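Working through the structure, step by step
Below are the chains, spelled out letter by letter.
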Amino acid sequence: MQRKGENQKEMLETFKMLAEDQLLRLNAYLMDLEKRPMTERREDLYRSILREYHNIKGSAGTVGQNDVMELAHAMEDILELMRQKKLEENEELFNLHYESLDAISLMIRSRLNGEALPGDVFENLHRRIEGAKHEVTPESSLLDSSVRQPKEETGKRHFLRKGNRHG
Amino acid sequence: MDKKRILLVDDSDTILVFEKLMLGSLYETLTAKNGRLALETALKEKPDLILMDIMMPEMDGIESLRAMRAQETTKKIPIIMVTTKSEKARVETCYKLGCSDFINKPIDKIELLTKVKKFLN
């Protein structure tokens, strides 16, 4: 039987390896969603993104990566508000998602490599997440936004969006 | 003596690996990535216990549980549902449908082993 420490180390390595794939999938789904697809595809994408955040949350908690778990949980909440049209799908919110994915990736790598985390980045993210939650709007005022035409790529640059992999 | 067999059901590869690492040295494990595949595997393999997530694509854990309880082959297999704290309402539904127990994510190894052992030893 494996010793406890070996088991935990294996779980952490597994988490890191599979989380990278999950983050890339999340990034791709978010980019599709940002193109404002038709209703059925939109719902599929929301379900897929919610499931990926939910899975990252569950697996991060199991290996004791509580900050990753909390950030994934917060972004799951933001996405659910977007799905319910209580938050408007806009560039700022999508950027918040992309930056959160970058932050999650950074947290996982830093933790495993024993490196310090840049605290100001996370303070900024958490402040914006809380700010977004305060922007919750009654559904009726957002009806027009749900039928807007697909928009062009914004040109914003985020590490995962460029298709790169973190090492 | 042959090891007891547990069917692990989750759409997350990470969680399936974690569960295998937690249980694998004591039990034989099978896996399925959604409720439909879980039902098919359970009917074919007749595992001794099923550990099943709720939120999954194609067929979720609740529908799979309902289907398993309606089948003669699977209706008596102990089923432990894996859930999160935000899914309290679903836990009640699972109990009404005949789940044996539940465990919260993040999964605690000791709690998992204790609950599994309760049904298999």
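Residues numbered from 1 in each chain as written. Chains lettered and ligands numbered in written order. Predicted model: local features only at pLDDT ≥ 70, side-chain atom pairs only at ≥ 80, totals over all residues.

Section: the overall build of chain B
When you go through chain B residue by residue, the secondary structure sums to 5 helices and 5 strands. In sequence order, chain B lays out its α and β elements as β-α-β-α-β-α-β-α-β-α. Relative to the 2.2 N^0.38 estimate, which gives 14 Å for 121 residues, the radius of gyration of chain B is 13 Å and therefore close to what a compact globule would have. Evaluated residue by residue, chain B yields a buried proportion of 38% over its 121 residues. (Helix = DSSP H or I, 4+ residues; strand = E, 2+ residues; numbered from the N terminus. Rg over C-alpha atoms; globule rule 2.2 N^0.38 Å. Buried ≥ 20, exposed ≤ 12 C-beta atoms within 10 Å, placed from the backbone.)

Thoughts on the overall build of chain A
In terms of helices and strands, chain A carries 5 helices and 0 strands. If you take every contact in chain A between residues at least 6 apart in sequence, the share linking residues at least 24 apart comes to 71%. (Contact = placed C-beta atoms within 7 Å.)

Things to note about the interface of chain A and chain B
Contact with chain A, which involves 16 residues of that partner, is made by 15 residues of chain B. Sorting the residues of the side of chain A that touches chain B by element identifies helix H1 (4-34) and helix H2 (39-62) of chain A as the ones contributing at least two each. In the side of chain A that touches chain B, the residues fall into 5 nonpolar, 9 polar and 2 charged. (Nonpolar A, V, L, I, M, F, W, Y, C, P; charged D, E, K, R; others polar.)

Some points on the nonpolar core
Formed by 63 residues in total, the largest nonpolar core has its most connected members in Ala72 and Ile104 of chain A together with Ile50, Leu51, Met52 and Met81 of chain B. For this core, the element with the highest residue contribution is H1 of chain A, accounting for 9 residues. Setting aside residues no more than four positions away along its own chain, Ala72 of chain A makes contact with Tyr53, Ile56, Lys57, Ala60 and Ile104 of chain A. (Core = buried A, V, L, I, M, F, W, Y, C linked by C-beta atoms within 7 Å.)

So, the confidence of the model for chain B
Residues and elements named next belong to chain B. In the predicted model, chain B carries a mean pLDDT of 93, and 99% of its residues have values of at least 70. Looking over chain B, one finds the lowest element-wise mean pLDDT in helix H4 (residues 88-97), namely 88, and the highest in strand S1 (residues 5-9), namely 98. Scored by ipTM, the complex comes to 0.76, with pTM at 0.80. (pLDDT = per-residue confidence, 0-100.)

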